[in-house]
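Breakdown of the fold
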Amino acid sequence: QVQLVESGGGLVQAGGSLRLSCAASGSILSINYMGWYRQAPGKQREWVASIISGGRANYADTVKGRFTISRDTTGNTVYLQMNSLNSEDTAVYYCAADIETTQSRGTILRYWGQGTQVTVSS
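An account of the accompanying structure is given in this report. (Residues numbered from 1 in each chain as written. Predicted model: local features only at pLDDT ≥ 70, side-chain atom pairs only at ≥ 80, totals over all residues. Heavy atoms only, no water.)

Another point: the state of the cysteines. Within this structure, the stated rule accounts for 1 disulfide. Disulfide partner of C22: C95, at an S-S distance of 1.9 Å. The sign of the 45° torsion about the S-S bond sets the C22-C95 disulfide as right-handed. Placement of the pair is C22 in strand β3 (residues 18-25) and C95 in strand β9 (residues 91-101), with a sequence separation of 73 residues. For C95, a relative accessible area of 0% puts it in the buried group. (Disulfide = S-S within 2.5 Å. Helix = DSSP H or I, 4+ residues; strand = E, 2+ residues; numbered from the N terminus. Buried < 20%, exposed > 50% of the residue type's maximum accessible area, 1.4 Å probe, protein only.)

Shown next as structure tokens:
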């Protein structure tokens, strides 16, 4: 069916940058929404940023001005450019997408990636 695969995580020093990618594949008819979430140890998963099909982007206050979400309209890929990283950004980052598939046939379902680890050292 549908798979979301994240990449780009790793270890970076405070103040550095990383770019995450998430590629969707499968029997996709449309993707209305793509977003990024993160979960730190002992914390609930929190929303980070999102972008809809029209291109409007929204950000959590904690990352506003530092992170940029974008979408490759030629494919099914969403990116998260992360700048000025700090220790509070350390988490597993997950991408999510609301997708209509040939199987769902008119029903939009939420799909999640497996997560990619981002670790920011002080």
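Scanning the model with the defined rule gives 4 salt bridges in all. Salt-bridge contacts for E46 lead to R38; the nearest nitrogen and oxygen are separated by 2.7 Å. Each of the salt bridges in this network shares a partner with another, and the network as a whole consists of R38, E46, R66 and D89. (Salt bridge = Lys/Arg side-chain N within 4 Å of Asp/Glu carboxyl O.)

A one-sided burial pattern is seen for strand β11 (residues 116-121), the buried positions being T116, V118 and V120 and the unburied ones Q117, T119 and S121. Bridge analysis of strand β2 (residues 10-13) against β11 gives 4 bridges, and the strand direction is parallel. Opposite L11, over in β11, you have T119 as the bridge partner. When β9 meets β11, the two strands line up antiparallel, connected through 3 bridges. Directly across from A91, in β11, lies its bridge partner V118. (Pairing = 2+ DSSP bridges.)

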